[in-house]
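# Reading the structure
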Amino acid sequence: MEADSIDGHGLWLGDTRFLSEYYMLVNGKRTEPVRLDAHPGGVTWHLRTGPFDIQRERYMASGLHERITITNGGSSPAAADLEFMFGADFAAMLEVRGLVRLPARAPAALDVSGRGLLLRDGDGSRRLTEIVIEPKGRKQPVELRAGESSTLQVHVLPRAGIEIAQFDAGAQQIRDIYDGWARESAHFVTDNPVLNELIEQSRDDMRMLCDRYPTGIYPTGGLPWFAVPFGRDALFTSMFALPMNPRIAQGALRFLALHQGKVDNPETEEQPGKILHEVRTGDAVDLGGWPHILFGTVDATALFLVALADTHDWTGDDALLEEMWPVAERALAWCENIGDTDGDGWIDYRGARARNQGWKDSDDSLTHVDGTVPLPPAALCEVQAYWYRGLLGMARKRPELKATAAALRKRFNRDFWMPRERFVAQALDGRRQQVRAITSNPGHCLWMGILPAARARQVAERLMEADLWSGWGIRTLSDRAVNYDPCSYHNGSVWPHDCTLAAAGMRMAGCDSEAELVARTILEAGMSFPDRRPPELWCGTPRLPGEIPDDYRNSCSPQNWAAASTFSLLSTLLGLRADARRGRLRIAPLATPLFKRLEVIGLHFAGERLDFAVEGTDVRLGRVPGGLKVETRR
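### A few points about the overall build of the protein
Helices and strands together make up the secondary structure of the protein, namely 15 helices and 29 strands. Taking 634 residues into account, the globule formula puts the C-alpha radius of gyration at 26 Å, and the protein, at 26 Å, falls close to it. Seen through its principal axes, the protein has C-alpha atoms that stretch 80 × 55 × 50 Å. The 634 residues of the protein split such that 58% are buried. A fraction of 63% describes how many contacts in the protein between residues 6 or more apart in sequence connect residues 24 or more apart. For the protein, the accessible surface area stands at approximately 25300 Å², while carbon and sulfur atoms represent 50% of it. A distance of 4 Å separates the average location of the 74 positive side-chain charges in the protein from that of its 84 negative side-chain charges.

Listed below in structure tokens is the structure:
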């Protein structure tokens, strides 16, 4: 670990870095990497320096725990001086990212505890990092005969006195957590071994990125920058993972409900009924540089309604729907009233801490075709689509909302449709003029069903034209745009969750070939990365034979909605449609070169688990609990 790394190296607790420097010297030199073995809950590095082979086993549980085994691989005795280097800056995540500037802090003070070392926050706070080395000593001489080994342990703890488990027992406890998660989750097993690796890695990454609260588990955003609760990210992640494990959605909905906006607060952008954007802690919050809970997002409130309805469709959990209904009513009121700042009937935003407040939240992600910034307020096309589907979903308890949704759909197709382009405008600006940029945003509109069939097919076809289709997915912005940059955050890059939504929408619109190609391509991208871990995004440069997607610098990996996309893409290929209220599940698989056979074990539906297998487009049912009806006709 090095504090000046652009990747946010460190041991973090919440938004505070409790260890910023950590490396080992052997005779004053760094070790050379040989290989890396990763498994759920832990990692083992194999290293070498001189005649010594070094194995470093590590797992995380209330701190960092490492067992280091040094073996003399030579033919004669050898000696070495080991030295461990540690540093703690107790920096705030937003400070490391460069989003806030905080006063310079005094260096950490090194002290000694009864068990080892203490690094104390130099700014006088009570924060400290305890380092326990067994056997004791930051510097240790080692003398080994040929073939002989020596073992030591290092434990780094974010407060003093934390009980340290026996190493093998502690590591096994973490593995048991992942094994339990795997048993809880549906298994998707294909005849494509590399795809199976991607599926298992995505499942395990989702568990790694979940925190536990009194409201249940909650999917954080991603590492290193977004390991905190987000609203939009958690809702997409939850919906993608419903057939795999609905506990994520249940925990996310309850957490967001608990923190729903109650008052008007311009500083935090809180409003009654609004769903939060992010939760932050540490010095950035304590010193007034950032709110503890920031509500600066325009889409999470409507998405909450969509996720609540989708969760009910998959689980049939009437009790959860009733529990969340007062929250839903307040969210409906926000969408209809407060979320429309200029009274034109569209949910919009004027910008505050972030200029743009949809999922493309960088400052340059919304421009007219000439590159100029639209006059606020901006009404994004996908946000209106979320609102439409949210209304339909909530009509299960308030039937009159169907008429409201129908009227919104009619107005949307009048105001956002661009006949010449056969496409949807990215937004309406403050003059109610279309922002006519050609972007990936309309793919979300497909998923929400706000377009009539003919227009949906036109949008699906347009998304697959060469200026948007990179071969590794749908670009966020056409490569013909004046501000196109394939390696920008939102103006030409490819985001797996964005493409996942488009693929699901294409399938809903009956554009099966387009849906299969997008789903297959994003899965192929994930399979192409050496760790089988789809990152947050990649560059939109064209796909070339034998190459993997161009890496986007500072992309989070693992990233939760990227990992969850794996399961939504499989659902798209399987044609899964859930109606737990009636106990009906549809399975209508598409043929794909990705696999010939797919077996699903323990799919979650209507509070039950069921099994089935797919050969091409044929479905063979296994365990189906009584009372459930599975439709396999196309």
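On we go.
### Observations regarding the nonpolar core
Core analysis: the biggest nonpolar cluster contains 142 residues, and Phe188 and Met506 have the highest contact counts within it. Apart from the residues within four sequence positions on either side, Met506 is in contact with Leu446, Ala460, Leu463, Met464, Ile474, Cys511, Glu514, Ala515 and Val518. Judged by nonpolar contacts, the second largest core, of 28 residues, contains Val26, Ala88, Val142 and Leu152.

### Describing the environment of Gly161
Looking at the secondary structure, you find Gly161 in the loop between strand E13 (149-157) and helix H2 (167-184). Remark: the alpha-carbon pair of Gly161 and Arg115, spanning 46 residues in sequence, is separated by 8.6 Å. In this structure, Gly161 is in contact with Arg115 and Glu130, ignoring residues within four places of it in sequence.

### Quick look at the sheet that holds strand E26 (residues 597-605)
What links the strands of a sheet is backbone hydrogen bonding, and the strands pair in either a parallel or an antiparallel sense. Spatially, the four strands line up as an open sheet ordered E14-E26-E27-E28, and their pairing is antiparallel. The open sheet has two edge strands, strand E14 (187-190) and strand E28 (618-621), and neither has a second partner. Between one strand and the next, the sheet's axes are offset by a mean angle of 20°, whatever the strand orientation. Of the strand pairs in this sheet, E26 and strand E27 (residues 608-615) are connected by seven bridges, and their pairing is antiparallel. The partner of Leu598 across the bridge, within E27, is Val614.

### Here we look at the pattern of salt bridges
In total, this model carries 47 salt bridges according to the counting rule given. A salt bridge links Arg532 to Glu197; its shortest N-O distance comes to 2.8 Å. Of this pair, Arg532 sits in the loop between helix H14 (512-528) and helix H15 (560-574) while Glu197 sits in helix H3 (residues 193-208), and the two are 335 residues apart along the sequence. The partner of Glu465 in a salt bridge is Arg422, and the shortest N-O contact between them spans 3.6 Å. Taken as a pair, Glu465 in the loop between helix H12 (453-463) and helix H13 (496-508) and Arg422 in the loop between strand E20 (417-418) and strand E21 (423-424) lie far apart in primary sequence, 43 residues in all. Overall, the relative accessible area of 27% leaves Glu465 in the partly exposed class.

### Focus on the packing of aromatic side chains
Considering all chains together, one arrives at 22 aromatic pairs under this definition. Relative to Phe567, the ring of Phe188 lies with its centre 5.9 Å away and its plane at 50°, an arrangement referred to as tilted. Remark: Phe567 occurs in helix H15 and Phe188 occurs in strand E14; sequence separation between them is 379 residues. An identical accessibility class is assigned to Phe188 and Phe567; each is buried. Considering the side-chain rings of Tyr213 and Phe255, the 4.9 Å spacing of their centres and the 55° angle between planes classify their relative orientation as tilted. Linking Tyr213 in strand E15 (residues 210-213) with Phe255 in helix H5 (residues 247-258), this pair joins segments that are 42 residues apart in sequence. You can call Tyr213 partly exposed: its relative accessible area is 28%. Of the residues examined, Phe255 reaches a relative accessible area of 5% and is grouped as buried. Among the aromatic residues, those joined into a ring-pair cluster are Phe236, Phe240, Trp359, Tyr386, Trp447, Tyr489, Trp495, Tyr552 and Trp561. A cation over a ring is seen here: Arg411 above Trp346, with NZ or CZ 4.2 Å from the ring centre.

### Some details on the pairing of E26
Pairing analysis gives four bridges linking E14 to E26, with the strands arranged antiparallel. By the bridge assignment for E26, His187 is matched with Ile601. Taken together, E26 and the strand that follows it, E27, pair antiparallel across an intervening segment of two residues, in which Ala606 is found at a positive phi of about 55°.

Calculation criteria
- Residues numbered from 1 in each chain as written.
- Predicted model: local features only at pLDDT ≥ 70, side-chain atom pairs only at ≥ 80, totals over all residues.
- Heavy atoms only, no water.
- Helix = DSSP H or I, 4+ residues; strand = E, 2+ residues; numbered from the N terminus.
- Rg over C-alpha atoms; globule rule 2.2 N^0.38 Å.
- Buried < 20%, exposed > 50% of the residue type's maximum accessible area, 1.4 Å probe, protein only.
- Contact = heavy atoms within 4.5 Å.
- Areas by Shrake-Rupley, 256 points an atom, 1.4 Å probe, with all protein chains shown as cover.
- Lys, Arg positive; Asp, Glu negative; His and termini not counted.
- Charge placed at Lys NZ, Arg CZ, Asp CG, Glu CD.
- Core = buried A, V, L, I, M, F, W, Y, C linked by side-chain atoms within 4.5 Å.
- Pairing = 2+ DSSP bridges.
- Axes fitted to C-alpha atoms, helices over the stretch in contact; angles between N-to-C directions.
- Salt bridge = Lys/Arg side-chain N within 4 Å of Asp/Glu carboxyl O.
- Phe/Tyr/Trp six-rings, centres within 6.5 Å; stacked < 30°, edge-to-face > 60°.
- Lys NZ or Arg CZ within 6 Å of the ring centre and 35° of its normal.

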